[in-house]
Structures are given as structure tokens and as C-alpha cells.
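Chain and residue survey
Chain by chain, the residues run as shown.
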Amino acid sequence: MAGKNIIKVLLVEDNPGDVLLLQELFKEVTTVVVELIPVERLYEAVNYLANEIFDVILLDLSLPDSQGLQTFVIAHNQAKATPIIVLTGINDETLATSAMQQGAQDYLVKGQVTGDLLVRSMRYAIERQRADNALRQSEERFRVALKNSPIFVYNQDRDLRYTWVYNPPSGLIVEKILGKQDLDIIPVEDAQHLIAIKRGVLTTGIGTREEVSITIKDTTRYYDLTVEPLRNETQEIVGVTCASIDISERQAALRERKLAEEKIREQAALLDVTTDAICVRDLNNQIIFWNKGAETLYGWQATEAWGKNASELLDDEPSPEIEAALLQAISQGKWQGELTKITKMNKEILVASRWSLVCDEQGKPKSILTVDTDITEKKHLEAQLFRAQRLESIGTLASGIAHDLNNILTPILAGAQLLPLKFPNADERTRHLLEILEINARRGADLVKQVLSFARGVEGKHITLQLKHIIVEIAKILKETFPKSIEISTNVPQDLWMVSGDSTQLHQVLMNLCVNARDAMSNGGILSISAENMLIDANYVRMNIEAKEGPYIVITVSDTGVGIAKEMLDRIFEPFFTTKGVGQGTGLGLSTVLGIIKSHGGFVNVYSELGSKTSFQVYLPAVEGMETISPEDLSPRTGHGELILVVDDEAAIQEIAITSLEAYNYKILVASDGIEAIALYAQNKDKISAVLMDIMLPSLDGLTAIRTLQKINPQVRIIASSGLMSDNKLSAVAAIGVNTFLSKPYTVNELLLSLQKVLSGIK
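Summarised in this report is the structure supplied together with it. Computed from a predicted model, the values in this text were never measured in an experiment.

1. Quick word on the pattern of salt bridges
Taken as a whole, this structure holds 19 salt bridges when the rule is applied. Arg 354 is the partner of Asp 276 in a salt bridge, and the nearest nitrogen-oxygen pair spans 3.6 Å. Highlighted residues: Asp 276 in the loop between helix H8 (248-273) and strand S13 (277-282) and Arg 354 in strand S16 (residues 348-359), separated in sequence by 78 residues. Taking relative accessible area as the criterion, Arg 354 reaches 29% and is therefore assigned partly exposed.

2. A closer look at the packing of helix H15 (residues 467-481) against helix H16 (residues 503-520)
Put simply, H15 and H16 touch, their axes get as near as 10 Å, and they point 45° apart. Relative to H16, the element H15 is oriented oblique. By crossing handedness, the relation of H15 to H16 is classed as right-handed. Here Leu 467, Ile 470, Ile 471, Glu 473, Ile 474, Ile 477 and Leu 478 of H15 come into contact with H16, specifically with Ser 503, Leu 506, His 507, Leu 510, Met 511 and Cys 514. Its residues assigned to classes, the contact of H15 with H16 comprises 10 nonpolar, two polar and one charged.

3. Regarding a nonpolar patch on the surface
Taken together, the side chains of Leu 405, Ile 408, Ile 412, Leu 419, Phe 423 and Leu 437 present a nonpolar region at the surface, about 500 Å² in accessible area. With four residues, the single largest contributor to the nonpolar patch is helix H13 (residues 376-422). With respect to the helices and strands, Ile 412 occurs in helix H13. Residue class for Ile 412 comes out partly exposed when judged on its relative accessible area of 36%.

4. Quick look at empty space enclosed by the protein
For the structure shown, the criterion picks out two cavities of 30 Å³ or more. The wall of the largest cavity is formed by 17 residues, among which Phe 152, Tyr 154, Tyr 162, Leu 194 and Ile 214 lie closest to the centre. Every element with two or more residues in the lining of the largest cavity is listed here: strand S8 (151-157), helix H7 (188-204), strand S10 (208-216) and strand S11 (219-231). A total of three residues in the lining of the largest cavity trace back to one element, the largest contributor, which is S10. For the lining of the largest cavity, the class distribution of residues is 14 nonpolar, one polar and two charged. Counted as a void, the second largest cavity has a volume near 30 Å³. Forming the boundary of the second largest cavity are Val 646, Val 647, Asp 648, Ile 653, Leu 692, Met 693, Asp 694, Ser 721 and Tyr 746. When residues in the lining of the second largest cavity are grouped by element, the largest group, three residues, is from strand S27 (residues 688-694). Taken together, the residues of the lining of the second largest cavity break down into six nonpolar, one polar and two charged.

5. Here's the deal with the sheet that holds strand S15 (residues 334-342)
Taken in spatial order, the five strands of this open sheet run S14-S13-S17-S16-S15, and their pairing is antiparallel. Across the chains shown, the open sheet's two edge strands, defined by having one partner strand only, are strand S14 (287-290) and S15. Here the average twist between neighbouring strands, direction ignored, is 25°.

6. Things to note about the pairing of S27
Most of S27 sits out of view: six of its seven residues are buried. By the bridge criterion, five bridges tie strand S25 (residues 643-647) to S27 in an arrangement that is parallel. Bridging from a neighbouring strand, Val 647 pairs with Met 693 of S27. Of the pairings in the sheet, the one linking S27 to strand S28 (residues 718-722) comprises four bridges and is parallel in character. When the sheet's bridge partners are listed, Val 691 is paired in S28 with Ile 718. Note that the unit made of S27, helix H22 (residues 702-712) and S28 has a crossover that is right-handed.

7. Looking at the packing of aromatic side chains
Across all of its chains, the model carries nine aromatic pairs by this definition. Ring centres 6.3 Å apart and planes at 40° place the aromatic pair Tyr 540 and Tyr 619 in the tilted group. Linking Tyr 540 in helix H17 (residues 538-543) with Tyr 619 in strand S24 (residues 613-623), this pair joins segments that are 79 residues apart in sequence. Look at Tyr 619 and you get buried, because its relative accessible area is 4%.

8. Section: the nonpolar core
In globular proteins that are soluble, nonpolar side chains generally tend to be buried together. In terms of nonpolar packing, the biggest core is built from 40 residues, with Leu 467, Leu 478, Leu 527, Ile 529, Ile 555 and Phe 616 touching the most fellow members. Listed by contribution, the elements that provide at least two residues to this core are H15, strand S19 (486-491), H16, strand S21 (525-536), strand S22 (550-559), helix H19 (589-599), strand S23 (603-609) and S24. Element by element, the count of residues in this core is highest for H16, at seven residues. The contacts of Leu 527, once residues within four sequence positions are left out, are Leu 478, Phe 482, Ile 486, Glu 487, Ile 488, Ser 489, Cys 514, Ala 517, Arg 518, Met 521, Val 557 and Ser 558. Formed by 24 residues, the second largest nonpolar core is a distinct cluster that contains Ala 671, Tyr 681, Leu 697 and Val 738.

Cut-offs used in this document
Residues numbered from 1 in each chain as written. Predicted model: local features only at pLDDT ≥ 70, side-chain atom pairs only at ≥ 80, totals over all residues. Heavy atoms only, no water. Salt bridge = Lys/Arg side-chain N within 4 Å of Asp/Glu carboxyl O. Helix = DSSP H or I, 4+ residues; strand = E, 2+ residues; numbered from the N terminus. Buried < 20%, exposed > 50% of the residue type's maximum accessible area, 1.4 Å probe, protein only. Axes fitted to C-alpha atoms, helices over the stretch in contact; angles between N-to-C directions. Parallel < 35°, antiparallel > 145°, perpendicular 65-115°, else oblique. Left-handed = near helix turned anticlockwise from the far one by under 90°. Contact = heavy atoms within 4.5 Å. Nonpolar A, V, L, I, M, F, W, Y, C, P; charged D, E, K, R; others polar. Patch = residues over 30% accessible without salt bridge, like charges linked within 9 Å, V, L, I, M, F, W, Y side chains within 5 Å. Areas by Shrake-Rupley, 256 points an atom, 1.4 Å probe, with all protein chains shown as cover. 1 Å grid on protein atoms, 1.4 Å probe; cavity = no way out; pocket = protein on both sides within 12 Å on 5 of 7 lines; lining within 4 Å. Points joined across faces, edges and corners; volume = space filled by probe spheres on them. Pairing = 2+ DSSP bridges. Right-handed = clockwise from strand over helix to strand, strands pointing away. Phe/Tyr/Trp six-rings, centres within 6.5 Å; stacked < 30°, edge-to-face > 60°. Core = buried A, V, L, I, M, F, W, Y, C linked by side-chain atoms within 4.5 Å.

In C-alpha cells, the structure reads:
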């Protein structure tokens, strides 16, 4: 018996003969062991079923205490999970059908069964019961699941009438749905949409899934609808089975998320519209957001910046300012200041940076938002403004002393010119010393003009001149004043073209370049000045945007000094930028050079090798024509005893004017202010041939005095003179008819030629 299955059977039979017969039949079966427990009455069977579990029940319907179908009903209610096989002597088809409908697993007639048949029937009954139990459990689980879920399940026939409904949505009752169509329950528009979906499934036999909206009692809900074809045993489509899940909350959340995403997109678009660089970094300094403004400012695309360390990306080297900003932003929640950053192109820029700490919902710091504004150009403009204010201060200071300086230089310069006339037999050394005195007095006067020219923008007078004369003169000065360890070399062709310019300013340009060359050769070297004619063509213009087609003079000043570092070449022409030590340079030299050359229509190129040499090339447009003769090259004529009224408040100038004019056969009257000048002129108006009038006078200024003299004599000849003259005053002088102006300090020649000019009536 080992290894055989055991079937525990409750036999409800009141006939002992039938019980014995069944026992014998089961003994003949070799495949299983049947454990048979017989009872004669129904109540006994009920008691057994209350206390024991059986695999199957064999039930006779004719018992002493129960008859007919009611016997089965009582037994089945007592043991719903145990399969019951009706084994009776009543061969009644109607009764058999009724028993099967009530749940019997089989209906057998006594005398028509064998042991094997009976065992086989019991096995089938047990399996069917197990399947039914599993199905009931599954259905129960399904029912419970549906009851606790938002799924609405239903079937509809081919006319789309509801035939089965489970778990309808709120507002609908099963009894009011069954037998009806969608048009009877929901609004027409929603119903037509559902009907179209279901008709498509009925037609194609293919299921579908869609999101739909249904309005019931003014409330719109959203559903995830699944529709499948419903088939019978022959696979014929007899309707549809549908399941719809209420996703209204999910849709609402989705709408809110879309609105939030749209808001975020709008905000992101605004962030990208701004020109400020906006960056978000986590607390490990890793970049997690990078807007378009940051791409434009720093050159790094967002994909390149994300995940990178902000300091490594934007800072050339570790910066204490960045560390301080980071610590303050974390500890205090914000920081702002100016920082120097490096772009992708390795360009240094200055930004106004604002840092804000960003916290999560729990208030814990999670990131830092930085907004950077490029203020490089702003700072550059501020620096220009500061420089302009500085220059204005210099100009104001220079204006305050220029008049006095020029008054001092005028007698020195005139005296240096008169002394050779006083001592015509002086030895060569004395004459040389007087020449040096005159040259340096001129340099002093030119220096005042240069300071005023740079500080106040006073333009010089352009004439046609030959640069080789200036180069020769400068070379002579350099050989006398520069250290003997520096060799001076010049190379100027005889056929050098002319230029139009101010000789004093061009002299200053070359002197500035030569002084810089000297300072670069502290241990000696070679300083060379060369000039050449050059014709610039279109190809050269394409390579140098400052150049124009045409003839140029190129002056090259070269040295064999220490050279200029590459990173400084772009800054050497900035005002106040200098590579020299404190107290050794103002930073105005090359700025002045560039300003003067540009005002002459030219440009400057520089070439340098660090530790080897430097060459500055000055390009000036060439002009045609003859060299303009300087007043110093003209010889003044001697006077014929004309009486000249000299009006000046400086005794030294009065004295030198008397000496100079008397040496050339002029007679002199002297006045120290405007009131005295008017009085003298009124007394001697018929004798005075010309008036030399200083504009800046005590008591009564020169302009008022001139107007008064013109009222006395409209034909009065006047030479206006001043050590400092603004454009406004020059215009005022010209407006009252005075066309001859003599700028202090002036030479004897300039004084005599100006006097000769007004006496001859030349305008």
C-alpha cells in the first residue's frame, strides 16, 4: 500500500447490502486506497462533517431522516468545499439535472457502476472541486481587489447595452446601468466618443486602450479605458468587456506638473534672456546650472560646464576671495563683490558677483546661486574717467603755473639770444654755452606746451617739415646727454619725403621713444634711429586696420635692451601704465606718443623680443610740397625808430623787451597794467605805432584794455601775448580784430617778426 493515494470517503447509505457491495468494489481497485466511513442517517453525516474533513461524499438521496433533493441541499450547505457524488437507486433524469444544478459533482445509479468507474468519478469530482475552490478564491480576491480599487469593470453586448457591471463610479448605480447604453447615462459628446472606441473593437476584434473624460452630474472625471472583445465558446464576438481606471487625481497632478514645468520653462527662458551669467553650484562647488548668459560671458557651453568644479573652470589659480565668498554665502546666506574671472579664451574679465544660498524644503543648504555681471568695460570707462579727472587736475595745476613759467622763460630765452649780439667777440666755448642756454630755454618752453597739450588737448600748428632735421638734432642731443655706454646710430636717406606736422610734438615723440630705449639699456647698448620712404598698398591695409593706402614716412627707433614681455605689449600705450620702478616713470610717455601720432593721421607698431631688443616704428603720411620755413630761420629787418608800447606786469619781460627792441632800432614805452596802458596810449596815440599787450594783467585785463584802445583808435595795431591761452580767449582775441598772437616764452626773432607783420599790415 506504500506509495498509493488514499481517498477518504464519507458514505451516507442506510442499506447495509449496498455498503458491503461498495466495500468489495473498492477492494478490486488497485490504483488507490479508499478509506470508507459509512453512516446511515443524514444527521450522522452532518456531525462527521462538522468535525472531520473528507475528500469526497457519496450520498444516497433516500435516507431514514431525509428524502430527495433536500438531502443533497442540506449536505452541500454543511460542506461546500467537499465534492458530493449522488449515488442513488433512483434513475430520474430530472432529479439528476436538479442535483447537478445545485452543485453535485456527479449523479450515479446503483447497480450501474464498477469500482474503477466509481473511483474515476471520485477523482474527477475532487479535481473539479479543487478547481472550483481555486476559482472561487480567485474571484473573491478579484472582488476584494475591485472593491478597494478605482477600476470600473463591465460588459456590453453587440448593441453596447450593459450586461454586467461591477464597481461603478460614484453617481451611478448598477441597477440603473444594466440594459442601458452609454447615450442613456452620460452626455452625448462623451457617449459618442466611447461608442466610437467600442465599435472599433467590435469591428476589428482588436483591443485598445485610451484616456477618456466623462462628465457625470457636472463633475468631469478622467479614465484610463481598456476595451477588449468579448467572445463565446465558438470565439464569436458577442460584445465588449471594459475596464476603466479613474485617473482624475493623476491627471490633475499631471496638469499641475505641466503648469509647473511651463513656469520653470518660462523662468528658464527669462534666465536665458538676461545678459547676466547665472550659475548654480552645489556645496561641493560642482556646477549644476549654467544659463545662456554664462555661455556668452565665459565662452563655455552648458554641456561643457555641467559637473565641473566652478573654481577650476573660472579661476586661474586658487583665490582667497573666492574662498571667503563661499564661506560667507554658506554662513550668512549671501555675498556680493567684484571678482576677476578667466574665460574659455583665457581672457581676464572683471565681474560684479552676487551669491545667494539656496535651501531645500527642510531649510538645509543645498546649493549656491551666483549672478555675474561683466563690468570690465564699465571699470575701463571708470578708469578712463579717473584718468581724465587726473589729467584735468594736472591741466588745472599746469594752467596755474604755466603763465609764471613762461614769464620766467621769456627773458631767459631772449637774453640767451641777445648776449651773442652784446658780445660778438666771445670765444667758441662761450658761444657754445650760450647756444646750450638758448636750446634748454626752448626745451623748457616746449615742455610747458607739451604738458598743456597732453593735459588740455591743445593742438599744435601743423606745417610741412622735413623729419631728417629733427632726427639729426635729436641725435646731437642724445650724444651729449646719454651715457657713453650707449652708442647712437642714425640712418636717414637724403630723399626722405615731407610730412605735415607739429615739429615740437614730433620732436617729443622721438625723444620719448629714445628715453625709453635708454632706460631699457642700463648696461649700455646700441640705440639706432632710421627713416625710410614707404608706399603702403591694399594688401598691407588688410593686415593693419589703422593704415591707409598711400605714401608714408617710417621712423624706426630700436634698442638692444631688455625687451618687453608679450603679455605687456597690449598695455604699453595705456595712460599711466609703466614697467619702470616707482618714481622712474609716469606712464604718459608712450600714451603721448600714440596720441600725437594718431593726431597726425599715423600709427605705431612695436616689435620686441624679451631679453634681446625692441623696435618702435612710427608711420606718418607723406605730403608733397616745400618745407615750411620756421620763423627762426628768417632774418628780421631793423626798425625805423617806431614807438612800441609794451604792456606786461613782469619787470623781467619789460626789461628784455626794451633791450631786444632797442637793439633793432625801436623806441619803447612800458606799462605794467591795463589802466596804465590806456593812459599812456591816450597821451601818445599819434606816436605809438604798435602795442604788445599781455592778456593776463592785474587791475584791468588785456582784453578789456584792447577794447578800450580800439575805441580810442580803431586802427590801433596790437600784438596779443600770453603764457597761457585757452581756446575761448583766443577766439575772444580774434573776435575783436586782433590777428597776431605771440605765445610766451618767445624768441627775439618771433617778437621782431610779429612786430614786422603788424607794422606792414599783414593779416
